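So you can see what is in the structure, the chains are spelled out below.
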Amino acid sequence: MTITENNAAAQAATTTGAVPVVAGGIHVTKRDGTREPYDADRINKAIERAAAGLPDQIAITTQVASELAITLFDGITTEQLDEAAIGVAVQNVKDDPQFDMVAARLLRKVIYKRVLGGYDTELELALLHQARFPGYIRDAIEEGLLDVRLQELFDLDALAAALDHTRDDLLKYIGTVTMRNRYMITDRHRKSLEVPQYFWMRVAMGLALNEADPTGTALKFYEKISTLDYLPAGSTLVNAGTSYPQLSNCFVMQMEDDIEHIAKSVRDVMWLTKGTGGIGLSVTKLRSEGSPIRSNNTTSTGPIPFMHTIDSTLRAVSRGGKKFGALAFYMENWHLDFHQFLDLRQNSGDPYRRTRTANTAVWISDEFMKRVAADQDWYLFDPAETPDLVELVGSEFSARYAEYVALAEAGKMRTFRKMRAREQYKQILVTLQTTSHPWLTWKDTINNRALNTNTGTIHLSNLCTEICLPQDRDNISVCNLASVNLPQHLVDGKIDWDRMEQSVRLAVRQLDNLVDITLSSVPESEFANQENRAVGLGVMGFTDITERLGLAYESEEAYDLIDQIVEFVSYHAIDASADLARERGSYNNFAGSGWSQGKVPFDTIAEVEADRGVPVTVNRVTRLDWDTLRDKVKGGIRNATLMAVAPTASIGLVAGTTPGFDPQFSQIFSRNTSSGKFLEVNTNLVKDLQALGIWDEVKDQLLAAQGDLSKVDGVPQHLVDVYKTSFQLDPHAFLEVAARAQKWIDQAISRNIYLEDRDVDKMMELYAFAWEKGVKTTYYLHMKPRHTAEQSTVRVNKTENINRTGSASGRAAGGAASGGARKGFGGARKGFGGAKAAAAPAADAPVAEAQAEEAPSTTAAAAPASASRGFGGFGGAKKPAPATTEIPAVTDGEAVATTPEEKAPAAAPASVLSSIAAQAFATAPQEQPEVPPVTLPEPAPEPAAQQLSTSAAAPSSAALLDVVETVASGDTEMIGGVACPVDPMERLQCESCQ
Amino acid sequence: MAILGSGVQDGLLLKPVTYQWAMDLYDQAVANTWFPNEIQLGEDLADFKKMTEDEKHALLHLISYFNPNELLVNKALAFGVYPYINAPEGHLYLAKQMWEEANHCMTFEYILETFPIDRDKAYSAHVDVPSMAAKEEFESKFIKRMTEDTLDISTTEGKKDFIRNLIAYNIILEGIWFYSGFMVALSFRQRNLLRNFGSLMDWIIRDESLHLQFGINLILTVLEENEDLQDEEFAEEIRGMILHAVEMEEAYNRDMFPRGILGLNADYVNQYVKYLTDRRLEELGFEPEFNVANPAKWMAAANDTLQLVNFFEQQNTSYEVNAQATKTS
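Criteria and cut-off values
- Residues numbered from 1 in each chain as written.
- Chains lettered and ligands numbered in written order.
- Predicted model: local features only at pLDDT ≥ 70, side-chain atom pairs only at ≥ 80, totals over all residues.
- Helix = DSSP H or I, 4+ residues; strand = E, 2+ residues; numbered from the N terminus.
- Buried ≥ 20, exposed ≤ 12 C-beta atoms within 10 Å, placed from the backbone.
- Contact = placed C-beta atoms within 7 Å.
- pLDDT = per-residue confidence, 0-100.
- UniProt positions renumbered as here; feature names shortened; annotations may be inferred.
- Domains from an automatic or database assignment.
- Axes fitted to C-alpha atoms, helices over the stretch in contact; angles between N-to-C directions.
- Parallel < 35°, antiparallel > 145°, perpendicular 65-115°, else oblique.
- Left-handed = near helix turned anticlockwise from the far one by under 90°.
- Nonpolar A, V, L, I, M, F, W, Y, C, P; charged D, E, K, R; others polar.
- Pairing = 2+ DSSP bridges.
- Core = buried A, V, L, I, M, F, W, Y, C linked by C-beta atoms within 7 Å.

S.K.: In this structure, what is going on with the overall build of chain A? I would like to understand it.
M.R.: Scanning chain A for helices and strands turns up 39 helices and 21 strands. In chain A, which comprises 994 residues, the proportion classed as buried is 57%. Pairs at least 24 apart in sequence give 79% of the contacts found in chain A among residues at least 6 apart.

S.K.: Explain the confidence of the model for chain A to me, please; I cannot follow it from the model alone.
M.R.: Parts of the prediction with low pLDDT should not have their coordinates interpreted in detail. Residues and elements named next belong to chain A. Looking at chain A, pLDDT values average 83 and 78% of them are 70 or higher. Here residues 808-819 is modelled with pLDDT under 50, and outside its nearest four sequence neighbours on either side it reaches 15 contacts, counting other chains as well. Low pLDDT, under 50, characterises residues 829-992; the predicted model gives this stretch 322 contacts beyond four residues in sequence or across chains.

S.K.: It is not clear to me how the UniProt feature "binding site: Fe cation 1" (unreviewed entry) in chain B should be interpreted in this structure. Could you clarify?
M.R.: Residues and elements named next belong to chain B. Here, UniProt's "binding site: Fe cation 1" (unreviewed entry) annotation points to E70, E101 and H104. In summary, the annotated positions, though distributed over 35 residues, converge in three dimensions, the widest C-alpha pair being only 6.6 Å. For E70, a count of 24 C-beta atoms within 10 Å gives the class buried. With residues near it in sequence (within four places) discarded, E70 still touches E101, H104, C105 and F108. Examined against the element boundaries, E101 turns out to sit in helix 4 (residues 88-114).

S.K.: Would you mind showing me how to read the UniProt feature "binding site: Fe cation 2" (unreviewed entry) in chain B here?
M.R.: All names here are of chain B. According to UniProt, the "binding site: Fe cation 2" (unreviewed entry) feature falls on E174, E208 and H211. Their sequence span is 38 residues, while the largest C-alpha to C-alpha distance among them is just 8.0 Å; these annotated residues converge on one region. Along the chain, E174 turns up in helix 7 (residues 156-190). Not counting the four nearest positions on each side in its chain, E174 is found in contact with V73, Y169, E208, H211 and L212.

S.K.: Sorry if this is basic, but what is going on with the domain arrangement of chain A here?
M.R.: Once the domains are mapped, chain A shows domain 1 (3-92) and domain 2 (250-455). A separation of 56 Å is found between the C-alpha centroids of domain 1 of chain A and domain 2 of chain A.

S.K.: Please clarify how the packing of helix 23 (residues 556-584) of chain A against helix 30 (residues 731-742) of chain A should be interpreted in this entry.
M.R.: Axes are the key here: two packed helices are described by the angle between their axes and the distance separating the axes. All names here are of chain A. With their axes 8 Å apart at the nearest point, helix 23 and helix 30 run at an angle of 30° to one another. As judged from the angle between their axes, helix 23 and helix 30 are roughly parallel. In the packing of helix 23 onto helix 30, the handedness of the crossing is right-handed. Counting all contacts with helix 23, which are made through Y559, I562, D563 and V566, the residues of helix 30 involved are E736, V737, R740 and A741. Residue composition of the contact of helix 23 with helix 30, by class: five nonpolar, no polar and three charged.

S.K.: Help me out: how do you make sense of the environment of T313 of chain A in this one?
M.R.: Residues and elements named next belong to chain A. Note that T313 resides in helix 14 (residues 303-316). Among the residues examined, T313 registers 20 C-beta atoms within 10 Å and is labelled buried. Put simply, T313 and H261 are 52 residues apart on the chain and 16 Å apart in space, counted from C-alpha to C-alpha. With residues near it in sequence (within four places) discarded, T313 still touches V266, V269 and M270.

S.K.: Explain helix 28 (residues 695-704) of chain A to me, please; I cannot follow it from the model alone.
M.R.: Helical geometry: 3.6 residues make up each α-helical turn, so side chains three or four residues apart lie on a common side. Of the positions making up helix 28 of chain A, those classed as buried are Q701, L702, L703 and A704 of chain A. Positive backbone phi, at 50°, marks Q706 of chain A, one or two positions downstream of helix 28 of chain A.

S.K.: Can you walk me through the sheet that holds strand 3 (residues 76-77) of chain A in this structure?
M.R.: Sheets are built from strands that pair by backbone hydrogen bonding, the pairs being arranged parallel or antiparallel. Residues and elements named next belong to chain A. Overall, mixed pairing links the three strands, which are arranged 2-1-3 in an open sheet. Where the open sheet ends on each side, the last strands, each with one partner, are strand 2 (35-37) and strand 3. Of the pairings in the sheet, the one linking strand 1 (residues 27-29) to strand 3 comprises two bridges and is parallel in character. Considered in strand 3, the bridge of T29 is made with T77.

S.K.: What is the right way to read the sheet that holds strand 18 (residues 668-673) of chain A from this model?
M.R.: Strand order in the open sheet formed by three strands is 19(A)-18(A)-1(B), with mixed pairing between adjacent strands. Edge positions in the sheet fall to strand 19 (676-681) of chain A together with strand 1 (307-309) of chain B, since each of these pairs with one other strand and no more. Direction aside, neighbouring strands of the sheet carry axes that sit 25° apart on average. In this structure, strand 18 of chain A lies alongside strand 19 of chain A, joined through six bridges in antiparallel fashion. If you follow R671 of chain A over to strand 19 of chain A, its bridge partner there is F678 of chain A.

S.K.: Whenever I open this one, unusual backbone geometry confuses me. Can you help?
M.R.: A negative phi holds for most residues other than glycine; trans holds for most peptide bonds. Cis geometry is found at the peptide bond from H437 of chain A to P438 of chain A, where omega equals 0°. Within the secondary structure layout, P438 of chain A lies in the loop between helix 18 (421-435) and strand 13 (439-442). The step from K15 of chain B to P16 of chain B runs through a cis peptide bond, and the omega angle for that step is -5°. Within the element layout of this structure, P16 of chain B appears in the segment before helix 1 (20-31). Phi is positive for N297 of chain A, close to 55°, though the residue is something other than glycine. Here N297 of chain A is to be found in the loop between strand 7 (292-293) and strand 8 (298-299). Of note, the phi angle at D492 of chain A is positive, near 50°, even though the residue is not glycine.

S.K.: Help me understand the pairing of strand 10 (residues 359-364) of chain A, please; the structure alone is not making it clear to me.
M.R.: Within a regular beta strand, the side chains point alternately toward one face of the sheet and then the other, so they alternate between its two faces. Residue and element names in this part refer to chain A. Among the six residues of strand 10, six are classified as buried, and the element is accordingly described as predominantly covered. Along strand 10, one buried face is formed by N359, A361 and W363 and the opposite face, lined by T360, V362 and I364, is buried too. Bridge count between strand 9 (residues 327-332) and strand 10: five bridges; the pairing is parallel. When the sheet's bridge partners are listed, F329 is paired in strand 10 with T360.

S.K.: How should I be thinking about the pairing of strand 14 (residues 477-485) of chain A in this particular structure?
M.R.: Residue and element names in this part refer to chain A. Across the nine residues that make up strand 14, a large majority, nine, are buried. Burial along strand 14 is two-sided: S477, C479, L481, S483 and N485 facing one way and V478, N480, A482 and V484 facing the other are all buried. For strand 4 (residues 230-232) and strand 14, the ladder comprises three bridges, and the chain directions are antiparallel. Note that in strand 14 the partner of P232 across the bridge is A482. One ladder, built from six bridges, connects strand 14 with strand 17 (residues 535-540); its direction is parallel. Across the sheet, the residue bridging to N485 is M540, located in strand 17.

S.K.: What is the right way to look at the environment of L71 of chain B in this model?
M.R.: Residues and elements named next belong to chain B. Checked against the element boundaries, L71 lands in helix 3 (residues 53-80). Since 15 C-beta atoms lie within 10 Å of it, L71 is described here as partly exposed. Distance in space between the C-alpha atoms of L71 and S131 is 18 Å, their sequence separation being 60 residues. Once residues within four sequence positions are removed from consideration, L71 is found in contact with E101 and C105.

S.K.: How should the nonpolar core be read in this particular structure?
M.R.: Most often, soluble globular proteins keep nonpolar side chains buried together rather than apart. Counting residues in each nonpolar core, the largest one holds 361 residues, and the members touching the most others are A85, A204, L327 and L537 of chain A. With 19 residues, helix 7 of chain B is the single largest residue contributor to this core. Of the domains in this structure, domain 1 (3-92) and domain 2 (250-455) of chain A are the two that each give at least three residues to this core. Residue contacts for A85 of chain A: discarding those within four places in its chain leaves I43, I47, V64, L68 and L106 of chain A.

S.K.: Whenever I open this one, the packing of helix 5 (residues 98-116) of chain A against helix 9 (residues 173-183) of chain A confuses me. Can you help?
M.R.: Residues and elements named next belong to chain A. Contact pair helix 5 / helix 9: the axes reach a minimum separation of 8 Å and the direction vectors enclose 30°. Taken together, the axes of helix 5 and helix 9 are roughly parallel relative to one another. Listed contacts from helix 9 to D100, A103, A104, L107, R108 and I111 of helix 5 are Y173, T176, V177 and R180. Looking at the contact of helix 5 with helix 9 residue by residue, the classes come out as six nonpolar, one polar and three charged.

Now the structure itself:
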């Protein structure tokens, strides 16, 4: 049977009811405006080619062709036809992920044709790639789009010869779309100039401009990034090799309390936004509302109106003409206007006191966490009266804060507010739950664990909460990001550590190059970048590999795995940077840094613990020979920081993996991005279910359950455990993963949190747990919606759901006995008034029949019911956990002293917080056997053996961890044969880090 | 006490709650509160410029219909439902729903005032375009009946009028006509057009899903409490109303798509209408009429799944307000 016959057959088959069979009257309008009859055969061949190599090639082709046919109309243009075919392929991904490959190839075919011209065979396509490459570079330079050095420094023919377009098949549909919409360059008329491999090569070249052998290095970078071993971050992908190489990702700045500097900050935000950077901006220093201004004898409006001004600025300056700016405001929670800061993201209220675009984060001290634990008061001050607080951290902050508190109580402060610390903590979390802001970040853990604070205090983190760099009036700190793609290093069920090491080392080299190549329009950021050369290498795809290894996200094996991987990446990143220092020199601010004292990130956990007097509850297992590295970094390191785990929300799409350390959002879900809305089905799960032969049976149930595998019948328990969605996992697991990784990371982690439970007491416990664990920052909070819209593509019958669950019928208690199933007009249908709903179901033949018929699908229908349990779930959701007690309702400031809580001390949220406090204060740190002592050891004689013995405690995951002990001896130069990477992170809103 | 009655004297005290489902729906509706100005439409304006005339026509047709009909629903509630409900929890929900309809109307106003479209034409379409006018007239007939002095809710005929109006605005207008429009509205976002308009639609659809939940609960409750409504003739009449509504919608969709746009044409949308209609029929206890497949499989991505928002790029429309309401305080 030919494809066309197949097509006709399929059409006939699906033409139940009203589907119009496309008749001959359809014409296609070609690009030149002429019309020709629609040629089904031609389209079918194109689809067939896109399905080449897939097991169900013919069936896929038939299905896409027949579904395309019903969308056609007379006069459709060839471009619309292409797009419609892609759309039809995409809508079938929910049933079979193979369609994703078809859609991706159809889209790339469009891109190839536009950029390279027509071709018929794969060989022609390969030759076109090579032949057109030098011309692409030259033309784009002529147009002013690319850096002239791309022509001057490189052997374009040699680079062209390395292009391998078959690597495009590594890209999923959403990855291809993201790459096209976000990263590839176009000419002035928005015509595409790049195919995927040109794009990778252009980026590789743009990061090798400063090398002695630019062509050779670019080839190494290309090899790594085009195979997705690691990826540069967004800004780098957008701008590398272009005539405007703003390649840095994150900018972190502090606003000073004077009008000149506020104005300058607005200007700087505009420039940094134009360059696609994501921005963190601290406003803690600004005096509070009503604070006196001496110069004109008036009072200040406080920080809020200035934040609104900057928020508007973000909308005014678009990045790359497409996206609006991205920024996070940081404020310490002792600022007198902090309660207004909390309202910035509310969806109602005075729009001039809101920031609809900018994000917010709170910068929290150990002092606050301790006061929460001990249920003490919290004082808020006007920074104009307490100007030194922003510079102080840890115990020094606590001491000074206590002095201000004493002054306040003595009536010697011009103004202050007082409230229960727990009350403010609860306010923060209630606001977080309703507006997803402010994100919680812990300043003292960050500062006390930093190796780079010899140049000053870290006053905030960045847009995505993974950066920890100091800043002041002369320094806008800058970070440059890249992420290792973990699944690319999983070969035959084992991690290929050699390949990982190569990726890490090359990524570090590329990031270091970036520092010299990037340009900024803001002198303070240029300066900070040059002086510190801060970079942040991260990883992505953690959940992807745990699934492939059959590990549950919330298992000890998974925790050990991330611990081990990040230790390895950190070790080699630091080692590579130390090697670079020997080749290129240490960074300018090296002297006095923690590195110069022979410290590595792990060593600072003990310092945090000592300063705050509360244990950091994370294990202290080590696996590698850190002592050698301690000696080595003492002699010099090239970069002030090495590690940071970015969200990788966008480059993760290109890499086709789970972002950062994120769990699977759901096993089937949609992504809403600036490129549109995409359905994502977990292909690891589909493979596992296909292997069991049950995918086709359960896929509709899975969709009806919105991707919750536990609600699907007949799935083996071990798969249910491995494939939990973000909202099913115990949220403590997110923090355990972060805590293990944070052991090794000198900066921080963009730790998304996902919650189903809306109990605020539990949130209070959860975030206190994060602080205890030594997690530096948390990021966006995703709350599971209790109610979602009625589904369209799965069977829905609200009446059945009501009857089954009783959840939407409040009469269950009283009326259940009398009721019976309600069936609307079902009673009338088969008889007169007498055969009413209460009639015995058995007598109700048609209904019984209908139910029998549905037997297989009733369970399917059950799933949506519980998914939309919005209603039924209410009782449970609202029900007070019996043991938890209330923190009194939020009230304002000074009233606190009289709050009822005093009367009921026993009712204190003891269940939650006091247990934390108990743990916090009772356990002596030295009781933890694995904990290395507070001060850093002279290298022990046999450290390796010692370390191994500790790690022997680790669970059975040893099998897959076996390579770990092959500790690299610090100074090897392993960059042989296989090319290496480049890997920045992403650009974008955090293009910076996405 | 039954749910139907003249709600004027009774029902001033909420407790004890008789119809817990109404209370639950009220709580969720409050949590779903949103405002159109949370969404910035700036990027959509650039998309609008790129759209073809046929696409712009479809969009205008849609908005021209939705805008007045959100308020028409309010009339159906105010004149035809609220006065005849005895349960205060039902009144609470209806009050919230009416605010939502107002909010939806203001959302379409916001869109109309932002996009460069012919507003006069948009405002007059519900009168000038026969297929739209027919749908409106159909609805108005039932609402009018509810306002007449001769209507006595204690009689079987009065109760039937109540059900007729309920079927007309809730099952037909909201459950079929609006829902087919939602599919068309969301189709633009699937092509990466009008994403922010799509976010507004997400919210509206979320609200409307609750309206349908309330409607079906109310219908089932009334039918259960009033055995005199269970007669075959009446059931056939209701079924006939719904099938007639499909014909009206088909004509309306042919006016929306005189030719077709990328991915959609009138036949395609009308197949979707039939698919939806079968669902509504089954929920009411009828046999399905059309037995057609859902042509819009892509609605799985557009509507059916939890969405993970890149919050830098898109407003997160999944949030809920009033966290404290979930606290036992």
